[in-house]
Amino acid sequence: MTGWRITAVPGRGLRRTVEDGLALPLQISRGGQPSAIAELELTPAEAEQLHAALCYALGQQHPSADECGRLWTEVQPRIARRGVS
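Below is a short write-up of the structure.

Calculation rules
- Residues numbered from 1 in each chain as written.
- Predicted model: local features only at pLDDT ≥ 70, side-chain atom pairs only at ≥ 80, totals over all residues.
- Heavy atoms only, no water.
- Helix = DSSP H or I, 4+ residues; strand = E, 2+ residues; numbered from the N terminus.
- Polar contact = N/O pair within 3.5 Å; in protein donor to acceptor, adjacent residues only side chain to side chain.
- Buried < 20%, exposed > 50% of the residue type's maximum accessible area, 1.4 Å probe, protein only.
- Pairing = 2+ DSSP bridges.
- Patch = residues over 30% accessible without salt bridge, like charges linked within 9 Å, V, L, I, M, F, W, Y side chains within 5 Å.
- Areas by Shrake-Rupley, 256 points an atom, 1.4 Å probe, with all protein chains shown as cover.
- Salt bridge = Lys/Arg side-chain N within 4 Å of Asp/Glu carboxyl O.

A look at the side chain of T17
Working step 1: Locating T17 in the fold gives a position in the loop between β2 (15–16) and β3 (22–30).
Working step 2: There is a polar contact of 2.8 Å between the side chain of T17 and the backbone nitrogen of G21.

Set out below in structure tokens:
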């Protein structure tokens, strides 16, 4: 799969789905040229699992609820400015 990349879509943020899940727009590129945009749809449970995995990868330990709350308080205003609802 050489040459393929999946990245966040510039200017488009996370959104809620009709089913109360989350949808993250992703841009699929090959050889540096955008090919398509697709959405990664997650249920709330899947989003929680992804969140825990990312926190673990970034901090090498499972975050406590307090740590996640503190991080959300710090990050949420920046996310809101980018259009995430």
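Alright, that's what it looks like, and here's the rest.
So, the pairing of strand β1 (residues 4–8)
Working step 1: A small share of β1 lies buried, amounting to zero of its five residues.
Working step 2: Here β1 pairs with β3 via five bridges, running antiparallel. Residue pairing in the sheet places W4 in a bridge with R30 of β3.

Details of a nonpolar patch on the surface
Working step 1: Residues L24, L40, L50, L54 and L58 make up a contiguous nonpolar surface patch of roughly 460 Å² in combined accessible area.
Working step 2: If one sorts the elements of the nonpolar patch by residue count, helix α1 (residues 44–59) sits on top with three residues.
Working step 3: Within the secondary structure layout, L54 lies in helix α1.
Working step 4: Exposure remark for L54: the relative accessible area of 47% places this residue in the partly exposed category.

A closer look at the pattern of salt bridges
Working step 1: Applying the stated criterion to the full structure yields two salt bridges.
Working step 2: Between R12 and E39 there is a salt bridge; the shortest N-O distance is 3.9 Å. Linking R12 in the loop between β1 and β2 with E39 in strand β4 (residues 33–42), this pair joins segments that are 27 residues apart in sequence.
Working step 3: Take R12: its relative accessible area is 42%, and that puts it in the partly exposed class.
Working step 4: E39 is the salt-bridge partner of R15, the closest N and O atoms lying 2.7 Å from each other. With R15 in strand β2 and E39 in strand β4, this residue pair connects regions lying 24 residues apart in the sequence.
Working step 5: E39 sits in the partly exposed class, given a relative accessible area of 31%.

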